[in-house]
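Spelled out, the chains give:
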Amino acid sequence: MEGNKQEPIIRLEGLGKQFSTANGTVTALEDINLEIKSGEIFGIIGLSGAGKSTLVRCINYLEVPTSGKVIFQDKNLSAMSDKQKRLARQSMGMIFQQFNLLSQRNVLQNICFPMEIAGTGRAEARKRAEELLALVGLEDRAKAYPAQLSGGQKQRVAIARAMATNPRVLLCDEATSALDPNTTKSILQLLKRINREMGVTVIVITHEMAVIEAICDKVAIIDHSHIAEVGKVSDIFSGPKSEIGRQLILGEAGHTAVNFGKSGQIRIIFDGRESSEPIISNMVLACKVPVNIMHADTRDIEGKAMGQMLIQLPEDEADANRIRNYLKTTRVTFEEVR
Ligand SMILES: Nc1ncnc2c1ncn2[C@@H]1O[C@H](COP(=O)(O)OP(=O)(O)OP(=O)(O)O)[C@@H](O)[C@H]1O
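This is a predicted model, so every value here is computed, not measured.

A. Quick look at the packing of helix H10 (residues 279–287) against helix H11 (residues 317–329). Viewed as axis vectors pointing N to C, H10 and H11 meet at an angle of 125°, and their least axial separation amounts to 10 Å. In terms of orientation, H10 and H11 fall into the oblique class. Two packed elements cross with a definite hand, and for H10 against H11 that hand is right-handed. Of the residues in H11, those touching H10 at Met283, Ala286 and Cys287 are Arg322, Ile323, Tyr326 and Leu327. Residues belonging to the contact of H10 with H11 are distributed by class as follows: 6 nonpolar, no polar and 1 charged.

See below:
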């Protein structure tokens, strides 16, 4: 079941989507080019209205693109017959923010639903549904109805249902946005397990940086219908290049330098050193000058420090240069803030 990590499973080539509305044409996506490799957890992040949901819905042809191609496992979806498209869709499970469970059906019947549509026999479907319930940790809730479940349990059922047809890809559209932080964490862990243990490629649509940080290998930042930048999460976090990337990752401090007198400020970029390495303390001890930490936004990603820290340098230029030199010789990435 392991996915081959080198092979692209989905390629988007010049993908565009326009909607005709009473007020004219709305461009939701324009010239999107992306390659998602088999076995990756790929995040797509952007502000509200950027085009994330439309993008994910175009990937499985819930929305038909107005231009460009979706290539799934080396085949162009638009050139497929209806039957081939149906099979391709079965290979792409999807979960949603609002879970979209059938309220009249119990948990087991919800999970069996896609198998009924695919023509799987009753006994086989039931057996598979029971296995999936065990996978998501809800063996004891088979007879419960959606209204009797918590949000996290509903999303687990939705995940089991999405996995019913043995998909190679799981599309997650804001799947944790309606959940509290602890439940979010456990759902993200479940998605990671499905990816690692079953080799399923996971595509995560979110507006939350924390979700990308928690589980994604790669991330694409989408802004006003375009891809602003794409790359490994660690690279993008340590040095966002686009304006929107800086805004999403560095926040307000990415834009504004606070005026604290005449002395300069620098932004230290943490791009993957051991998170236990005390960079600032070592710097202060080595240079024997105090610095002011104006803003810090660092995260620990798998033992590596990621993020940034805004530091006010001493007014004395010689002291400030000692700090700059120390950072250069210890190969700490930094930039001047003006
Ligand atoms: N069915 C539709 N008809 C008309 N316009 C649409 C339709 N679906 C999306 N749009 C428009 O396309 C643009 C992108 O919307 P989309 O829902 O993909 O963004 P999003 O990044 O997922 O935002 P959100 O997180 O708020 O859902 C928006 O301007 C939206 O109004």
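B. Inspection of the domain arrangement of the chain at higher detail. According to the domain assignment, the chain contains domain 1 (8–240) and domain 2 (257–337). The C-alpha centroid of domain 2 is placed 39 Å from the C-alpha centroid of domain 1. The partner domain 2 presents 8 residues to the 5 residues of domain 1 that form the contact. For the side of domain 1 that touches domain 2, the element with the highest residue contribution is helix H8 (residues 233–238), accounting for 3 residues.

C. Local environment of helix H3 (residues 107–117). Here H3 has its buried residues at Val107, Leu108, Asn110, Ile111, Cys112 and Met115. Close packing links the buried residues of H3 with helix H4 (122–135) and helix H5 (151–162). Residue glycine 119 follows H3 closely and has a positive phi angle near 85°.

D. View of the site of the ligand. What surrounds the ligand is a group of 13 residues, the closest being Phe19, Ala28, Ser48, Ser53 and Thr54. With 3 residues, helix H1 (residues 52–59) is the largest single contributor of residues to the shell around the ligand.

E. The arrangement of the packing of H3 against H5 in detail. The interhelical angle for the contact between H3 and H5, taken along N-to-C directions, is 30°, at an axis separation of 8 Å. It follows from the interaxial angle that H3 and H5 lie roughly parallel. When you trace H3 past H5, the crossing you get is right-handed. On H5, the residues touching Val107, Asn110, Ile111, Phe113 and Pro114 of H3 are Val157, Ala160 and Arg161.

Each value, and the rule that gives it
Residues numbered from 1 in each chain as written. Predicted model: local features only at pLDDT ≥ 70, side-chain atom pairs only at ≥ 80, totals over all residues. Axes fitted to C-alpha atoms, helices over the stretch in contact; angles between N-to-C directions. Helix = DSSP H or I, 4+ residues; strand = E, 2+ residues; numbered from the N terminus. Parallel < 35°, antiparallel > 145°, perpendicular 65-115°, else oblique. Left-handed = near helix turned anticlockwise from the far one by under 90°. Contact = placed C-beta atoms within 7 Å. Nonpolar A, V, L, I, M, F, W, Y, C, P; charged D, E, K, R; others polar. Domains from an automatic or database assignment. Buried ≥ 20, exposed ≤ 12 C-beta atoms within 10 Å, placed from the backbone. Near = placed C-beta within 6 Å.

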